[in-house]
Amino acid sequence: QQQVKQSPQSLIVQKGGISIINCAYENTAFDYFPWYQQFPGKGPALLIAIRPDVSEKKEGRFTISFNKSAKQSSLHIMDSQPGDSATYFCAASITGGFKTIFGAGTRLFVKA
Amino acid sequence: DTAVSQTPKYLVTQMGNDKSIKCEQNLGHDTMYWYKQDSKKFLKIMFSYNNKELIINETVPNRFSPKSPDKAHLNLHINSLELGDSAVYFCASKVSPERGDTDTQYFGPGTRLTVL
């Protein structure tokens, strides 16, 4: 069963626009929610992460918002740039555990 | 200073062959993983080792056998390769849960396996 549901599968955004990727979590025990960025030919790398006691976290143009009651998270990329074109994964895990559950990924293409 | 390295980067082989992929991390982590990423980019966990002990073994054909000679290395041996094994295989590592509260995984660059 899919414990982490990510949407959309793919996204095309104009340069300067806002990219929005959504994630829904089915397991209420999850308490760590990272987002990974993967460029073609590279491994995924942590972009930004949040814990459920925080509703929003911002790093530069990247912002995660988290709704604990709805068990949902969103990644917003402001002023999207062609260099942001990559695959983005939301994920979830339980502190003290060994397993991270990844969403199916969103392929973002930012048009110049 | 590569944190998580894998060799080889590309592997092209015939069906039925046996091949190995090696992974090394210099981050001092205790927990290491193998993931398979298919053509649709889906990341599927295969195995995890913590302090050289196997702790996660997902539903993976027993043709796949991981080996961890020490905490810094995790290798993956695949017997009797099949067409469906073609994918990108990623190694990852993280701090053991006993040693830290961060759950961030650090991924290697991947090994693209093509079975002909």
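Scroll up to find the structure.
Residues numbered from 1 in each chain as written. Chains lettered and ligands numbered in written order. Predicted model: local features only at pLDDT ≥ 70, side-chain atom pairs only at ≥ 80, totals over all residues. Heavy atoms only, no water.

Enquirer: Describe the overall build of chain A, and please don't skip the residues or the numbers.
Expert: Along its length, chain A carries zero helices and eleven strands. Reading chain A from its N end, one meets helices and strands in the order β-β-β-β-β-β-β-β-β-β-β. Taking 2.2 N^0.38 as the reference for a compact globule, 112 residues should give roughly 13 Å; the C-alpha atoms of chain A span a radius of gyration of 13 Å, in line with that estimate. When its C-alpha atoms are laid out on the principal axes, chain A stretches across 40 × 30 × 20 Å. Within chain A, buried positions represent 44% of all 112 residues. Contacts in chain A between residues at least 24 apart in sequence constitute 53% of all its contacts with a sequence separation of at least 6. Total accessible area on chain A stands at roughly 5,400 Å², and carbon and sulfur atoms take up 52% of it. (Helix = DSSP H or I, 4+ residues; strand = E, 2+ residues; numbered from the N terminus. Rg over C-alpha atoms; globule rule 2.2 N^0.38 Å. Buried < 20%, exposed > 50% of the residue type's maximum accessible area, 1.4 Å probe, protein only. Contact = heavy atoms within 4.5 Å. Areas by Shrake-Rupley, 256 points an atom, 1.4 Å probe, with all protein chains shown as cover.)

Enquirer: Could you give me a rundown of the sheet that holds strand S1 (residues 4-7) of chain B, with the residues and numbers involved?
Expert: The strands that make up a sheet pair up through hydrogen bonds in the backbone, lying either parallel or antiparallel. All names here are of chain B. Read across the open sheet, the four strands follow the order S1-S3-S8-S7; overall the sheet is antiparallel. Since the sheet does not close on itself, it has two edges, and those belong to S1 and strand S7 (64-70), each with one partner. For this sheet, the mean angle separating the axes of adjacent strands, direction not counted, is 20°. (Pairing = 2+ DSSP bridges. Axes fitted to C-alpha atoms, helices over the stretch in contact; angles between N-to-C directions.)

Enquirer: Break down the packing of aromatic side chains for me, citing the residues and quoting the values.
Expert: On inspection of all chains with the given rule, the structure shows twelve aromatic pairs over all chains. Ring geometry for A:Phe102 against B:Tyr35: centres 5.6 Å apart, planes inclined by 90°, an arrangement best described as edge-to-face. Here B:Tyr35 lies in strand S4 (residues 31-37) and A:Phe102 lies in strand S10 (residues 100-102), a pairing that spans two chains. As far as the burial class goes, A:Phe102 and B:Tyr35 line up, both buried. By the ring-pair criterion, three or more aromatic residues cluster together here, those being A:Tyr36, A:Phe89, A:Phe102, B:Tyr33, B:Tyr35, B:Phe90 and B:Phe107. (Phe/Tyr/Trp six-rings, centres within 6.5 Å; stacked < 30°, edge-to-face > 60°.)

Enquirer: Tell me what's going on with the sheet that holds strand S7 (residues 62-67) of chain A, and back it up with residues and numbers.
Expert: All names here are of chain A. Strands sit in the order S1-S3-S8-S7-S6 across an open sheet of five strands; the sheet is antiparallel. Looking at which strands have only one partner, the edges of the open sheet turn out to be strand S1 (4-7) and strand S6 (56-59). Adjacent strand axes in the sheet meet at a mean angle of 15°, parallel and antiparallel pairs treated alike. Here S6 runs beside S7; their pairing, made up of four bridges, is antiparallel. Pairing of Lys57 across the sheet is with Ile64, part of S7.

Enquirer: So what's going on with the interface of chain A and chain B? Residues and values would help.
Expert: Taken together, the contact between chain A and chain B spans 20 residues of the former and 27 residues of the latter. In this assembly, chain A packs against chain B so that about 1,900 Å² is buried in total across both faces, 55% of it on carbon and sulfur atoms. Seen at the junction of chain A and chain B, the total is one salt bridge. The closest approach of N and O atoms between A:Lys99 and B:Glu58, which form a salt bridge, is 3.0 Å. Of all the secondary-structure elements, those providing two or more residues to the side of chain A that touches chain B are strand S4 (33-38), strand S9 (86-93) and S10 of chain A. (Buried area = accessible area lost by both parts, 1.4 Å probe. Salt bridge = Lys/Arg side-chain N within 4 Å of Asp/Glu carboxyl O.)

Enquirer: Break down the environment of A:Ile77 for me, citing the residues and quoting the values.
Expert: Within the secondary structure, A:Ile77 sits in strand S8 (residues 72-77). With sequence-adjacent residues up to four places away left out, A:Ile77 is seen in contact with A:Gly17, A:Ile18, A:Ser19, A:Arg61, A:Phe62, A:Asp84, A:Tyr88 and A:Leu108.

Remember, this is a structural readout, not a statement about activity or role.
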